[in-house]
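Listed here are the chains, written in short residue letters.
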Amino acid sequence: MQTVWAPGLLMKIAVDGMELFVTMRLAMYLSSILETLDHIFDDYGSAAEFEGSERSKFGGKMNPSLLMLKHLSYLDLSNNAFGGIPIPKFLGSIESLRYLSLSRAGFGGLVPYQLGNLSSLQYLNLHADIEDDLSVANLQWLSGLSLLEHLNLDNVNLRKASNWLQVLNTLPSLEKLVLSSCQLPPVPSPTNLNLSSLAILDLSSNSFENPSVLSWIFHLTNLISLDLSVNDLQGCIYDGLENMTSLRHLDLSFNSFNSSIPDWFYNLNSLRFLNLGSNKLHGEISSAIGNMTSAISLDFSGNELEGRIPRSMGNLCKLKYILYSGVNLSQDISDILEILSGCVSKQLDLLDLSRSQLFGELTNQLGNFKILEELYLSGNSISGPIPLSIGELSSLSVLELDQNKLTGQLPESFGQLANLEIFNISKNLLAGFVSEMHLGNLAKLKEFDVSDNPLTLKTNPDWIPPFELEHLVLRSLDVGSKFPLWLRSQKHLRYLDISNCVISDSIPSWFRNSFSHFHYVNLSNNQIHGQIPSIPWIAFGDSVIDLSFNNFTGPLPQISSNLSFLDLSSNFLSGYLFDLLCFNLNQTMGMETLNLGENRLSGEIPACWMKWQNLMVIRLDSNNFTGRIPSSLGTLYSLLSLQLQKNHLSGEIPSSLRNCTGLLLLDFGQNELYGHIPEWIGHSFRELTVLSLRSNKFSGHIPDQICAVSSLQVLDLANNNLVGSLPGCLGEIPKAVTSLFELQSLNLSHNLLTGTIPKRIGEMRSLESVDFSVNKLSGSIPKSMSNLTFLSHMNLSYNNLTGQIPSSTQLQSFDQSSYVGNQLCGLPLPEKCSDNGTIHNAGNGGGENGFRFETDWFYLGMAFGFVIGFWSVFGPLVFDRRWRSMYTLSSFQPNVENQ
């Protein structure tokens, strides 16, 4: 504890990060006060726990001895860690307080109404963190704070405070009000508004269901700052804003406004900071934007706006920040640089035109933006070379040019960007070398991504970079056959991707020690050989290691419990799974994805899965595992994908797997499993999308219960010993298929399907490919098929279809081979239809010529002697997010062998 005499009549008492101001009249009692303060905090830990950013934080219980400071006017306990304890009620008895900040101090529970006794209070900040769960049951106590000028209740739950606006209307001195993320309930607007002093209002992140509750705001004509972002507001931009001409800061971002920007909006010429980002605004930005001469920041990003940047924007000479990301400008980048290269270029700090459909080439006018600090042009179609003038942007700290069509070499002048911290030029067409000449002067560089360009990294073996990178991506560059030695100096590197870099080295010893410091490391698609080192400890949770598609040999490594993603697939690893799975049973593993597919692992799959409860994806396919599937796999309740295909597993499917009710993909194909297909599959796996049990020794009937898996899109039971009739749901095309309105590809070919083509198939308007060929379908082609305007492939050949082909530009555009082998007539077939829709001189519906025996990649197989009819909806499917992330690791591709 220390005391500091402050100028004037105040004495400041500082306890680490807390400062208390008291009047000098208390100086005579100083010694006793200081002694009392020693006991205010009963337990705030040792000095070692307060190192770094934590040094200023303390917690524990607060002692009422603080009340002895009779003239305390300023109390700031912000940014501490009180661990969710309630705000002490006795604070409401320090009546001399004019300033009280408990912002992010870690208090939780109910805000005590006793704070309403602080009648002299002018500043109150109760800003909470979400995890604090700070709430207010009633705000009536606020009405006692008539002198209050600043009130911040950010993240305080006011859901039960139905009188919030009525109470706030009793605070005539209020100048700043922050009620962000308060879950504000709807309330009627007050009859007589008494908030004429209010200048700053933040109601963001409240998701108002009825925007009419905001009507009172538009009477606050003295307001200079208004934040209504993240509220799901819809419709037109509110007309009430037109009269708020004093506004300097307006944030309407992250809503759902879906109108054009009204003309009157451009007359708000006092606006300095405008954020309309992430809405659904459409139309063009008017040239009247030139009227907004006070503008410092304009954010139109993430809307459906289109058209060019108006030339009048070049007159906004105070602009420092321009954000048009995601706007359909369809404009030449050189035109934009010309517009802004006048007075705007002298002030501009940030220019974001990413994903704005820009084209053309960067010109040397780029060199006019001398003080530009951040430039984002990624995701466009900008072509040509990077101009030499790039080196004149000496203030540049962020340069993102990725996902364009840039060509040529990285200019030497790039090396002059001494303030550059983040550089991304990935996914372009740059060629040539990246050398020390480009990098030797970039001492501040933290993130460097030049991946997916035909570039070569060329440095001297003994080169030591001047920078300390945190993020490095060299994917698909030629870095040479050895690990770049300069990586050894990068002690702060946390994200590394040197995949597909033609490395044919073994992992050097100095790099082995780096694994524990990585949050993400990707060495895949190289020719790295030798053994994979054990990684018993990793500093970061949720870490990712990808060593797939290399030439690693030897046993599996031991790994850290912090690892969340491990991909060692497509190597030459041998030995037993026990070495990885069971080496440390004292810790619960954080692994979510484990991919060991396509190696040479052998032995039994061990029963050590109980400590791997976070696993969602397991791939052990294409190895030499033997024995039974362990029942302990059934303890993995989060499992989404389990792939054990192409091994030598035997026995029955363990009943414990019924506990894995969230499974989306299950592939046990090409093993030696036997027994009956379990009936519980239909009850337990209600979300299953892919089920493959092909090429095993299963016997008995296909259980009817499998029809309960309504989400099933791929079912492959080929090459087993199944007998009996098909379940009812597999006998014909189910009408439910037509409810898949977003389906793009539907292939039911080469089965024994009967019945008719569903009449509602035309409602599946997203369909691009339909193949019903080689079945036993009957009836006519539904007229609704002419509604499938996106259809680019169709094959109905070799069924028992009859009648006239419906007339439409789409259906007549297909080749005759799409219809042969039926009793159809009408174009494009040569057979003409009679008046009753039958064929004149009916033959074979087009004969054998043109027959194409098509078997595409998701053609699903036969059991011995008969076809398993089923509906397969594969190809470009619209999966949910969990399925997409899981399927990226899937090697499942239905076989076409033995057809």
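A brief report on the enclosed structure follows.

Rules used in this analysis
Residues numbered from 1 in each chain as written. Predicted model: local features only at pLDDT ≥ 70, side-chain atom pairs only at ≥ 80, totals over all residues. Heavy atoms only, no water. Helix = DSSP H or I, 4+ residues; strand = E, 2+ residues; numbered from the N terminus. Buried < 20%, exposed > 50% of the residue type's maximum accessible area, 1.4 Å probe, protein only. Contact = heavy atoms within 4.5 Å. Areas by Shrake-Rupley, 256 points an atom, 1.4 Å probe, with all protein chains shown as cover. Core = buried A, V, L, I, M, F, W, Y, C linked by side-chain atoms within 4.5 Å. Phe/Tyr/Trp six-rings, centres within 6.5 Å; stacked < 30°, edge-to-face > 60°. Disulfide = S-S within 2.5 Å. Pairing = 2+ DSSP bridges. Salt bridge = Lys/Arg side-chain N within 4 Å of Asp/Glu carboxyl O.

1. Section: the overall build of the protein chain
Next, step 1: Looking only at helices and strands, the protein chain has nine helices and 57 strands in total.
Next, step 2: The buried share among the 899 residues of the protein chain stands at 54%.
Next, step 3: Long-range pairs, those at least 24 residues apart, make up 55% of the contacts in the protein chain with a sequence separation of at least 6.
Next, step 4: Summed over its atoms, the accessible surface of the protein chain is roughly 37,900 Å², and 48% of this surface lies on carbon and sulfur atoms.

2. Some words on the nonpolar core
Next, step 1: Core analysis: the biggest nonpolar cluster contains 214 residues, and Ile217, Tyr324 and Trp609 have the highest contact counts within it.
Next, step 2: At the level of elements, helix 2 (164–168), helix 3 (333–340), strand 29 (455–458), helix 5 (509–512), strand 36 (563–567) and helix 6 (578–581) are the ones that each hand at least two residues to this core.
Next, step 3: Counting residues in hydrophobic clusters, the runner-up holds 20 residues, among them Phe772, Leu788, Met794 and Leu801.

3. Let's talk about the packing of aromatic side chains
Next, step 1: Summed over all chains, the structure comprises 19 aromatic pairs.
Next, step 2: Measuring from ring centre to ring centre gives 6.4 Å for Trp164 and Trp216, while their planes differ by 70°; the resulting arrangement is edge-to-face. Residue Trp164 is found in helix 2, and its partner Trp216 is found in the loop between strand 11 (200–202) and strand 12 (225–227); the two are separated by 52 residues along the sequence. Exposure class is identical for Trp164 and Trp216. Each is buried.
Next, step 3: Note on Trp264 and Phe265: the rings are 5.8 Å apart at their centroids and 50° apart in plane angle, and the pair reads as tilted.
Next, step 4: Given a relative accessible area of 1%, Phe265 falls into the buried group.
Next, step 5: Put simply, the rings of Phe483, Trp510, Phe511, Phe515 and Phe518 touch in pairs and so form one group of aromatic residues.

4. Comments concerning the state of the cysteines
Next, step 1: Counted according to the given criterion, the structure contains three disulfides.
Next, step 2: Paired by a disulfide, Cys582 and Cys608 hold their sulfur atoms 2.0 Å apart. Its S-S torsion of approximately 105° makes the covalent link between Cys582 and Cys608 right-handed. Placement of Cys582 in the loop between helix 6 and strand 38 (593–595) and of Cys608 in the loop between strand 39 (600–604) and strand 40 (617–619) is noted, with a sequence separation of 26 residues between them. Per residue, the accessibility class of Cys582 equals that of Cys608, and both read buried.

5. Points about the environment of Leu639
Next, step 1: Topologically, Leu639 is positioned in the loop between strand 41 (624–627) and strand 42 (641–643).
Next, step 2: Each C-alpha atom of the pair Leu639 and Leu664 lies 8.5 Å from the other, and the pair is 25 residues apart in sequence.
Next, step 3: Dropping the residues within four chain positions of it, Leu639 is found in contact with Leu615, Met616, Val617, Ile618, Cys660, Gly662 and Leu663.

6. Description of the pairing of strand 37 (residues 572–576)
Next, step 1: Summarising the sheet, strand 35 (residues 551–554) and strand 37 pair through two bridges and their orientation is parallel. Each bridged residue has a counterpart across the sheet, and for Gly554 the counterpart in strand 37 is Leu573.
Next, step 2: Pairing analysis gives three bridges linking strand 37 to strand 39, with the strands arranged parallel. Looking across to strand 39, one finds that Ser574 is bridged to Arg600.

7. Examining unusual backbone geometry
Next, step 1: In this chain, Leu827 is followed by Pro828 through a cis amide linkage whose omega measures 10°.
Next, step 2: Despite not being glycine, Ser330 shows a phi value in the positive range, around 45°.
Next, step 3: If you trace the backbone, Ser330 turns up in the loop between strand 20 (321–323) and helix 3.
Next, step 4: You can call Ser330 partly exposed: its relative accessible area is 36%.
Next, step 5: Positive phi, normally seen in glycine, also occurs at Ser476, with a value near 65°.
Next, step 6: Within the secondary structure, Ser476 sits in the loop between strand 30 (471–473) and strand 31 (495–497).

8. Description of the sheet that holds strand 55 (residues 823–825)
Next, step 1: The three strands are arranged 52-54-55 in an open sheet whose pairing can be described as parallel. What marks the edges here is a single partner per strand, and that holds for strand 52 (778–779) and strand 55.
Next, step 2: In this sheet, strand 55 lies alongside strand 54 (residues 800–804) in parallel orientation, the contact comprising three bridges. Following the sheet pairing, Gly803 is matched in strand 55 by Leu824.

9. Remarks on the environment of Ile322
Next, step 1: Considering the arrangement of structural elements, one finds Ile322 in strand 20.
Next, step 2: Between the C-alpha atom of Ile322 and that of Ser301, which follows or precedes it by 21 residues, the distance is 9.2 Å.
Next, step 3: In this structure, Ile322 is in contact with Leu298, Met313, Leu340, Val344, Leu348, Leu350, Leu351 and Asp352, ignoring residues within four places of it in sequence.

10. Looking at the side chain of Ser135
Next, step 1: Residue placement: Ser135 occurs in strand 8 (residues 134–135).
Next, step 2: In this view, Ser135 contacts Gly109, Leu110, Val111, Val156 and Asn157; residues no more than four positions away in its chain are not counted.

11. Some words on the pattern of salt bridges
Next, step 1: Evaluated as defined, the whole model comprises nine salt bridges.
Next, step 2: In this structure, Asp129 engages Arg104 in a salt bridge whose closest nitrogen and oxygen atoms are separated by 2.8 Å. Here Asp129, found in the loop between strand 7 (123–125) and strand 8, pairs with Arg104, found in the loop between strand 5 (99–101) and strand 6 (109–110); they are 25 residues apart in sequence, far enough to count as distant.
Next, step 3: Residue classification places Arg104 among the partly exposed residues on the basis of a relative accessible area of 40%.
Next, step 4: Counted as one network, the salt bridges with shared partners bring together Arg308, Arg311 and Asp335.

All we've got here are geometric facts, nothing functional implied.
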